[in-house]
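Next come the chains, spelled out residue by residue.
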Amino acid sequence: MEPAVKQPDAKDQEILAILSKEARIPLKALAARVGLSRSAASERVAQLERAGVIRGYRADIGQMDRDVIRAFLLVTLARTPSMSILDKLAGYAEVRRVSSISGQLDLVVEVEVPSIDRLNNLRDNIANGPAVQDLTTLIVLRRDIDREQ
């Protein structure tokens, strides 16, 4: 029998909030910011990794070129959950954000690409996976409100 997975507590949530913005923060600095010893913070991070709450670390590259095409890929999966599609999407540098949603669709994938050709190639690579039942592409014409920066 597998041990029960512990739900992240308030301290874990604090750690996750920091790591989501600063994935490369030194463990010593992370521990100090959340008020734990280095070993306690290290153990919590390791537990979050083992539980699958932290699935990886990545570099979040800022926009370098204004001539970027943004699009949303609306994905319906053949079966849920499908971790394989999340792993596949994480492998594409152009994928900026993936959200699991409720309703008729399963995922909203936000991408930034340098050209329509790259968007078509990316879209085809994702759509042809066995986990994907349907994929719709919406190209962003402009952002009228953007509070992320």
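Residues numbered from 1 in each chain as written. Predicted model: local features only at pLDDT ≥ 70, side-chain atom pairs only at ≥ 80, totals over all residues. Heavy atoms only, no water.

A. Spotlight on the packing of helix H1 (residues 10–21) against helix H2 (residues 27–34). Close contact between H1 and H2 brings their axes to 10 Å; oriented N to C, the two are set at 130°. Viewed along their axes, H1 and H2 adopt a mutual orientation that is oblique. For the element pair H1 and H2, the recorded crossing hand is right-handed. Of the residues in H2, those in contact with Lys11, Glu14, Ile15, Ile18 and Leu19 of H1 are Leu30, Arg33 and Val34. (Axes fitted to C-alpha atoms, helices over the stretch in contact; angles between N-to-C directions. Helix = DSSP H or I, 4+ residues; strand = E, 2+ residues; numbered from the N terminus. Parallel < 35°, antiparallel > 145°, perpendicular 65-115°, else oblique. Left-handed = near helix turned anticlockwise from the far one by under 90°. Contact = heavy atoms within 4.5 Å.)

B. Looking closely at the confidence of the model for the protein. In this model, the protein carries a mean pLDDT of 86, and residues with pLDDT of at least 70 account for 89%. When the elements of the protein are averaged for pLDDT, H1 gives the smallest value, 88, and strand S3 (residues 107–113) the largest, 96. (pLDDT = per-residue confidence, 0-100.)

C. Main features of the side chain of Arg70. Residue placement: Arg70 occurs in strand S1 (residues 69–77). For Arg70, the side chain forms a polar contact with the side chain of Glu112, separated by 3.1 Å. (Polar contact = N/O pair within 3.5 Å; in protein donor to acceptor, adjacent residues only side chain to side chain.)

D. Summary view of the sheet that holds strand S2 (residues 95–100). Taken together, the four strands give an open sheet; going across it, the order is S2-S3-S1-S4, and neighbouring strands pair in antiparallel fashion. In the strand order of this sheet, the two ends are held by S2 and strand S4 (132–139), each with one partner. Within this sheet the neighbouring strands show an average axis-to-axis angle of 20°, counted without direction. Where helix H4 (residues 83–90) meets the sheet, its contacts fall on S1, S2, S3 and S4, and the angle it forms with S3 comes to roughly 15°. Where helix H5 (residues 116–127) meets the sheet, its contacts fall on S1, S3 and S4, and the angle it forms with S4 comes to roughly 160°. (Pairing = 2+ DSSP bridges.)

E. Structural detail: the packing of H1 against helix H3 (residues 38–50). For the pair H1 and H3, interaxial distance at closest approach is 11 Å and the crossing angle is 80°. Here H1 lies roughly perpendicular to H3, going by the angle between them. Residues Lys11, Asp12, Ile15, Leu16 and Leu19 of H1 form the contact with H3, whose own contacting residues are Arg44, Val45 and Leu48. Of the residues in the contact of H1 with H3, the class split is five nonpolar, no polar and three charged. (Nonpolar A, V, L, I, M, F, W, Y, C, P; charged D, E, K, R; others polar.)

F. Spotlight on H1. Between the first and last C-alpha of H1 there are 17 Å, a value that for twelve residues agrees with the 16 Å anticipated at 1.5 Å per step. Listed as buried for H1 are Asp12, Ile15, Leu16, Ile18 and Leu19. Buried residues in H1, looked at end-on, bunch into an arc of 165°, giving them a common side. Opposite the buried face of H1, at more than 90 degrees from it, the exposed residues are Ala10, Ser20 and Lys21. Tucked inside the fold, the buried residues of H1 contact H2 and H3. (Expected span 1.5 Å × (residues − 1). Buried < 20%, exposed > 50% of the residue type's maximum accessible area, 1.4 Å probe, protein only. Arc of directions from axis to C-beta.)

G. Main features of the pattern of salt bridges. Enumeration according to the criterion identifies nine salt bridges in this entry. For Arg97, the salt bridge identified is with Glu110, shortest N-O distance 2.7 Å. Of this pair, Arg97 sits in strand S2 while Glu110 is found in strand S3, placing the two residues 13 residues apart along the sequence. What makes Glu110 buried here is its relative accessible area of 9%. One salt-bridge network, held together by shared partners, links Asp9, Asp12 and Arg44. (Salt bridge = Lys/Arg side-chain N within 4 Å of Asp/Glu carboxyl O.)

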